[in-house]
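Listed below are the residues making up each chain.
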Amino acid sequence: RIFVMSPDYIVATLFTSNFIGIVFARSLHYQFYSWYFHQLPYLAWFAGFHWAVSIALIAAVEVAYNVFPATALSSLVLQAVHLIFLVGIFAAKVPCPFEARENPILKRRKKRTKKPIGPELPPDIELPPFDEAVSDDGAPEPAAPKSGKAKKDD
């Protein structure tokens, strides 16, 4: 198994970073809206807002950017909505950064391997169990036979 970055973590990190850059920009121009308008639905979902609240917040951002020339009220609405988004994002649960997957290289190798590696043992050989008892001097003690019959040497 290998560990890879989860897509949710990557998207959340990139979208949040871009959004923070927009929010704390010194000035906002109308073309900046094109840098993050497509991320707002994901950020609203990530923040855990109710769907109605999400629609209202995204609509407020749209209206604030469509006021030309910008007024004090439109700028205040935009900054307030950005602040609400930021609070929601920072209060959100961060997705798990890694997920375990099966290594595709090993998966291919498993498919190709048909025979066991190493010599095959004849079926009449019994191997000692792994949990055999060890005497005080460190030598293994003979294991008890599995069946009730004792083997006789010929």
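Residues numbered from 1 in each chain as written. Predicted model: local features only at pLDDT ≥ 70, side-chain atom pairs only at ≥ 80, totals over all residues. Heavy atoms only, no water.

1. Re the nonpolar core
Judged by nonpolar contacts, the single largest core of 23 residues is most densely connected at Phe-19, Tyr-36, Leu-40, Val-61, Tyr-65 and Phe-85. Contributions of two or more residues to this core are made by helix H1 (7-23), helix H2 (33-36), helix H3 (40-47), helix H4 (51-66) and helix H5 (72-91). Residues in contact with Phe-19, not counting those within four places in the same chain, are Tyr-36, Leu-40, Leu-43, His-82, Phe-85, Leu-86 and Ile-89. (Core = buried A, V, L, I, M, F, W, Y, C linked by side-chain atoms within 4.5 Å. Buried < 20%, exposed > 50% of the residue type's maximum accessible area, 1.4 Å probe, protein only. Helix = DSSP H or I, 4+ residues; strand = E, 2+ residues; numbered from the N terminus. Contact = heavy atoms within 4.5 Å.)

2. Some details on H5
The terminal C-alpha atoms of H5, which comprises 20 residues, lie 28 Å apart, in line with the 28 Å expected from a rise of 1.5 Å per residue. Considered for burial, the residues of H5 that qualify are Ser-74, Leu-78, Val-81, His-82, Phe-85, Leu-86, Gly-88 and Ile-89. Buried residues of H5, seen end-on, are gathered within an arc of 165 degrees and therefore sit on one face of the element. Within H5, the exposed residues directed more than 90 degrees away from the buried face are Ala-72, Leu-73, Leu-76, Leu-83, Val-87, Phe-90 and Ala-91. Looking at the buried side of H5, the elements it contacts are H1, H2, H3 and H4. (Expected span 1.5 Å × (residues − 1). Arc of directions from axis to C-beta.)

3. Looking at the layout of surface pockets
Within this model, the second largest pocket holds a volume of roughly 160 Å³. Among the elements of the structure, H4 and H5 are those that each provide at least two residues to the lining of the second largest pocket. For the lining of the second largest pocket, the element with the highest residue contribution is H5, accounting for four residues. A class-by-class count of the residues in the lining of the second largest pocket yields seven nonpolar, four polar and no charged. (1 Å grid on protein atoms, 1.4 Å probe; cavity = no way out; pocket = protein on both sides within 12 Å on 5 of 7 lines; lining within 4 Å. Points joined across faces, edges and corners; volume = space filled by probe spheres on them. Nonpolar A, V, L, I, M, F, W, Y, C, P; charged D, E, K, R; others polar.)

4. As for the packing of aromatic side chains
Enumeration according to the criterion identifies 11 aromatic pairs in this entry. Seen from their ring centres, Tyr-33 and Tyr-65 are 4.7 Å apart, and the 25 degrees between their planes marks the pair as stacked. In this pair, Tyr-33 is assigned in helix H2 and Tyr-65 in helix H4, connecting sequence segments 32 residues apart. Exposure class is identical for Tyr-33 and Tyr-65. Each is buried. Ring geometry for Tyr-42 and Phe-46: centres 6.1 Å apart, planes at 10 degrees, overall stacked. Taken together, the positions of Tyr-42 and Phe-46, both in helix H3 and four residues apart, correspond to about one turn of that helix. On the basis of relative accessibility, which here comes to 12%, the residue Phe-46 falls in the buried class. (Phe/Tyr/Trp six-rings, centres within 6.5 Å; stacked < 30°, edge-to-face > 60°.)

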